[in-house]
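Each chain, written out:
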Amino acid sequence: SVADLVLSFLLALSRNLLEVSQECKRGNWGKAKLSQELFEKTVGIIGLGRVGKAVARRLQGFSCNILAYDPYVQEGPEYVKFVDLDTLLKEADFVTCHASLNKDNHKFLGKREFSLMKESAFFINTARGELVEEDALAEALRLGKIKGAALDVFYHEPLINSPLLELPNVIVTPHVASHTVEANTRLGKIAAENLVRVLEGKEPLFE
């Protein structure tokens, strides 16, 4: 479910769907700016765990050049190229964050990191809001240092009185990436399966 939302964000940002919809509702037919394709773009994935890999699999259908940075993962699918973080930020047309939060990466994406990105690049975060220095992200977006962002997680939730809410080049959703019928069904099945395993003296599959 999270990977599906990321793909939705990638397409919405590349095709400028938020602005196009707003202009159409205002009656400004044909006034939208020229958008771009996701096809064959470079996508940088920060954190190649379960969700990051699921995003990478979906991007194959768009023939994307997939870069990955993960200090805890050294191997991945053959269609993913591992690089250091600075290289990923400099080369990617889209940067999507899927890192797990720990004591070493709190606000590790800040002013320096956003300054490395292309002015035409987009940033996506569906992992944890605490990974990002939000004021630095808002400044980069406001000054045109990066083109846009799509965010499902935030440092403080619910998101109130944030400069991110005032920016026209930002898509925000209220932490709903995994809020689907299918995901809830899978969670119920996993809980039941783990209960049976524990009663049988086995280790749970998921913790």
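Everything below is about the structure shown above.
Residues numbered from 1 in each chain as written. Predicted model: local features only at pLDDT ≥ 70, side-chain atom pairs only at ≥ 80, totals over all residues. Heavy atoms only, no water.

Looking at this structure, I do not really get the overall build of the protein chain. What am I missing?
For the protein chain, the helix and strand inventory stands at 7 helices and 7 strands. The N-to-C order of helical and strand elements in the protein chain reads α-α-β-α-β-β-α-β-α-β-α-β-β-α. At 18 Å, the protein chain has a C-alpha radius of gyration in line with the 17 Å of a compact globule built from 207 residues. For the C-alpha atoms alone, the extent of the protein chain along its principal axes is close to 65 × 40 × 35 Å. Burial statistics for the protein chain: of 207 residues in total, 41% are counted as buried. The long-range share in the protein chain, meaning contacts at least 24 apart out of those at least 6 apart in sequence, stands at 61%. As displayed, the protein chain has an accessible area near 12,000 Å², and 53% of this comes from carbon and sulfur atoms. Computed over 25 positive and 28 negative side-chain charges, the separation of the two mean positions in the protein chain equals 4 Å. (Helix = DSSP H or I, 4+ residues; strand = E, 2+ residues; numbered from the N terminus. Rg over C-alpha atoms; globule rule 2.2 N^0.38 Å. Buried < 20%, exposed > 50% of the residue type's maximum accessible area, 1.4 Å probe, protein only. Contact = heavy atoms within 4.5 Å. Areas by Shrake-Rupley, 256 points an atom, 1.4 Å probe, with all protein chains shown as cover. Lys, Arg positive; Asp, Glu negative; His and termini not counted. Charge placed at Lys NZ, Arg CZ, Asp CG, Glu CD.)

Just to check I follow, could you spell out helix α6 (residues 134–142) for this structure?
Note on helix geometry: an α-helix contains 3.6 residues per turn, so any two residues three or four positions apart are oriented the same way. Listing the buried residues of α6 in full gives E134, A136, L137, A138, A140 and L141. Check the buried side of α6 and you find it contacts α5 (111–116), β5 (122–125), β6 (148–151) and β7 (170–172).

Is there a simple way to explain the sheet that holds strand β1 (residues 42–46) in this structure?
Across a sheet, paired strands are connected by hydrogen bonds in the backbone, their directions being either parallel or antiparallel. One open sheet accounts for 7 strands, arranged β3-β2-β1-β4-β5-β6-β7; its pairing is parallel. At either margin of the open sheet sits one strand with a lone partner, and together these are β3 (80–82) and β7. Strand-to-strand twist across the sheet, computed as the mean angle between neighbouring axes with direction ignored, equals 20 degrees. When strand β2 (residues 65–69) meets β3, the two strands line up parallel, connected through 3 bridges. Of the residues in β3, the one forming a bridge with A68 is F82. Docked against the sheet, helix α1 (residues 2–14) engages β4 (94–97), β5, β6 and β7, running at close to 155 degrees with respect to β5. (Pairing = 2+ DSSP bridges. Axes fitted to C-alpha atoms, helices over the stretch in contact; angles between N-to-C directions.)

Is there a simple way to think about the side chain of E134 in this case?
Among the structural elements, E134 can be located in helix α6. Setting aside residues up to four positions removed in sequence, E134 forms contacts with G129, F154, Y155, L159 and L164.

Whenever I open this one, helix α7 (residues 181–199) confuses me. Can you help?
With 19 residues, α7 ought to run about 27 Å at 1.5 Å a step, and its terminal C-alpha atoms sit 28 Å apart, in line with that. A positive phi of about 85 degrees marks G201, the residue just after α7. (Expected span 1.5 Å × (residues − 1).)

I tried to follow the pattern of salt bridges on my own but got confused; where do I start?
Two side chains bearing opposite charge may form a pair once their charged atoms approach each other closely. A complete count under the given rule lists 7 salt bridges for this structure. Of the charged contacts in the structure, one is a salt bridge between E113 and R112, with a shortest N-O distance of 3.1 Å. Salt bridges linked by common partners bring D86, R112 and E113 together as one network. (Salt bridge = Lys/Arg side-chain N within 4 Å of Asp/Glu carboxyl O.)

Would you explain the pairing of β2 in this entry?
Where a strand is regular, its side chains alternate between the two sheet faces. Examined bridge by bridge, β1 and β2 share 5 bridges and lie parallel to one another. Considered in β2, the bridge of I46 is made with Y69.

It is not clear to me how the environment of L67 should be interpreted in this structure. Could you clarify?
The topology assignment puts L67 in strand β2. Note: C-alpha distance between L67 and G110 (43 residues apart in sequence) is 20 Å. In this structure, L67 is in contact with T42, V43, G44, I45, K81, V83, L88 and E91, ignoring residues within four places of it in sequence.

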